[in-house]
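Chain and residue survey
Now for the letters of each chain:
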Amino acid sequence: MLQVRSLTRRFGDKTAVDDVTFDVPSGKMTGFVGANGAGKTTTMRMIMGVLTPSAGEVLMDDVPLTAKMRSRFGYMPEERGLYPKQPILDQLVYLGQLHGMSQNDARSSARDMLERFALADRTKDKLESLSLGNQQRVQIIASLMHRPTALILDEPFSGLDPVAVDSMVELLRDYTAQGVPVLFSSHQLDLVDRLCDNLVVLQQGRMIASGTGEDLRARAATRHRIIVHPDAGWIREETGVRVIDVAGPDAVVEFEDDAAGQRLLAAALSRGTVEQFSPIRPSLSEIYREVTA
Ligand SMILES: Nc1ncnc2c1ncn2[C@@H]1O[C@H](COP(=O)(O)OP(=O)(O)OP(=O)(O)O)[C@@H](O)[C@H]1O
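Here the structure is a predicted model, which means the values were calculated and not measured.

**Things to note about the packing of helix 3 (residues 88–98) against helix 4 (residues 103–116)**
For the pair helix 3 and helix 4, the least separation of the axes is 8 Å and the interaxial angle reads 130 degrees. Taken together, the axes of helix 3 and helix 4 lie oblique to each other. Note that helix 3 runs across helix 4; the crossing there is right-handed. Here Leu89, Leu92, Val93, Gly96 and Gln97 of helix 3 come into contact with helix 4, specifically with Gln103, Ala106, Arg107, Ser109 and Ala110. Taken together, the residues that form the contact of helix 3 with helix 4 break down as five nonpolar, four polar and one charged.

Shown next as structure tokens:
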């Protein structure tokens with residue numbers, strides 16, 4: 001397990017990351033979300049030792065990270081740092097060797113992953129001759145090919161088409177199945193919701209929520225949908241009920257407490273036919289808006 005402990009980073013007067021603590025459990029995917037400028041990239045740079053923290057530390061299974069441990073991590077930085085004028089396979093082999101692989105291992109791993117990302121016929125091409133999305137695929141391969149012990153990925157899905165997103169998802173699932181801790185940032189909340197066991201939400205440098213999607217859902221106000229015939233307009237007058245929307249027989253509401261919900265149900269049954277009375281599972285985007293409001 002990767003453990004981020006009280007990480008803080010100041011730039012002059014500005015505190016970009018403020019006393020942030022969370023875990024990235026082994027074998028699980030952790031999604032790192034927050035608005036532009038919330039501090040995700042700065043946190044990831046400190047995890048990777050690219051930036052020195054003003055305070056705090058990062059550990060792996062209770063051992064403070066060393067440069068050697070970090071060299072076995074897979075890191076996809078925000079600034080994609082490959083060589084535009086070098087042939088793709090050559091630079092992947094070179095990068096694999098920098099991570100301690102033999103030339104043969106690096107070549108076979110790079111070929112294998114180029115195949116997975118449908119780039120097997122481009123091995124001799126210069127990186128700059130690829131589309132931006134395909135360059136992103138090569139960047140992914142560069143971060144993953146040395147069979148890393150942890151993955152720290154800054155916006156790995158940005159710029160990928162749906163097929164490449166699927167290949168990336170499959171790869172990340174392979175890594176987590178092998179027990180690797182995976183942390184990735186993304187603004188694509190539906191994707192984060194679908195993939196992640198765990199979520200960390202930053203706002204203006206501070207961690208404002210963490211836990212599983214279900215933990216966050218439990219914190220969010222539960223809405224109910226009620227469909228009552230012939231019409232649901234009377235619900236507006238009920239006490240303890242906040243009406244989000246009413247259209248004909250269909251209403252979306254929040255209750256002050258459970259008793260208000262029971263009262264509304266009884267009233268609905270006495271007034272007509274109740275077709276539906278059920279909690280609504282909020283999307284991660286809705287929860288995100290609520291916790292960051
Ligand atoms: N080298 C730096 N010098 C000064 N300020 C910095 C530096 N790096 C980051 N910051 C500031 O720290 C804050 C956090 O930035 P960071 O890039 O970590 O956010 P982010 O959550 O990754 O945003 P995005 O989603 O836009 O990538 C921002 O206000 C940014 O301007």
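**Focus: the site of the ligand**
With respect to spatial proximity, the complete set of residues near the ligand consists of Phe11, Ala16, Gly34, Asn36, Gly37, Ala38, Gly39, Lys40, Thr41 and Thr42. It is helix 1 (residues 40–47) that contributes the most residues to the shell around the ligand, three residues altogether.

**Comments concerning the sheet that holds strand 1 (residues 2–11)**
Strand order in the open sheet made by the four strands is 2-1-4-5, with antiparallel pairing throughout. In the strand order of this sheet, the two ends are held by strand 2 (14–24) and strand 5 (63–64), each with one partner. The pairing of strand 1 with strand 4 (residues 55–60) spans five bridges and is antiparallel. Looking at strand 4, one finds that Leu2 is bridged to Met60.

**Some details on the nonpolar core**
Among the nonpolar cores identified, the biggest contains 62 residues, and Leu92, Ala110, Ile141, Leu151, Ile152 and Val182 are the most heavily contacted of them. The residue makeup of this core includes at least three contributed by each of domain 1 (2–217) and domain 2 (220–292). In this view, Val182 contacts Met29, Thr30, Leu151, Leu172, Tyr175 and Thr176; residues no more than four positions away in its chain are not counted. Counting eight residues, the second-largest nonpolar core is a separate cluster that includes Ile226, Val228, Val241 and Leu264.

**Some remarks on unusual backbone geometry**
Residue Pro230 follows His229 across a cis peptide bond; omega there is 10 degrees. As for its placement among the helices and strands, Pro230 is situated in the loop between strand 11 (223–229) and strand 12 (241–247). Unlike most non-glycine residues, Glu155 shows phi in positive territory, near 55 degrees. As for its placement among the helices and strands, Glu155 is situated in the loop between strand 7 (151–153) and helix 6 (162–177). For Gln204, which is not a glycine, the phi torsion comes out positive at approximately 45 degrees. Looking at the secondary structure, you find Gln204 in the loop between strand 9 (198–203) and strand 10 (206–211). Judged by C-beta crowding, with 15 C-beta atoms within 10 Å, Gln204 ranks as partly exposed.

**Section: the confidence of the model for the protein**
Confidence in the prediction for the protein averages 90 pLDDT; 99% of positions are at 70 or higher. Interface confidence for the predicted complex, given as ipTM, is 0.96, next to a pTM of 0.82.

Criteria and cut-off values
Residues numbered from 1 in each chain as written. Predicted model: local features only at pLDDT ≥ 70, side-chain atom pairs only at ≥ 80, totals over all residues. Axes fitted to C-alpha atoms, helices over the stretch in contact; angles between N-to-C directions. Helix = DSSP H or I, 4+ residues; strand = E, 2+ residues; numbered from the N terminus. Parallel < 35°, antiparallel > 145°, perpendicular 65-115°, else oblique. Left-handed = near helix turned anticlockwise from the far one by under 90°. Contact = placed C-beta atoms within 7 Å. Nonpolar A, V, L, I, M, F, W, Y, C, P; charged D, E, K, R; others polar. Near = placed C-beta within 6 Å. Pairing = 2+ DSSP bridges. Core = buried A, V, L, I, M, F, W, Y, C linked by C-beta atoms within 7 Å. Buried ≥ 20, exposed ≤ 12 C-beta atoms within 10 Å, placed from the backbone. Domains from an automatic or database assignment. pLDDT = per-residue confidence, 0-100.

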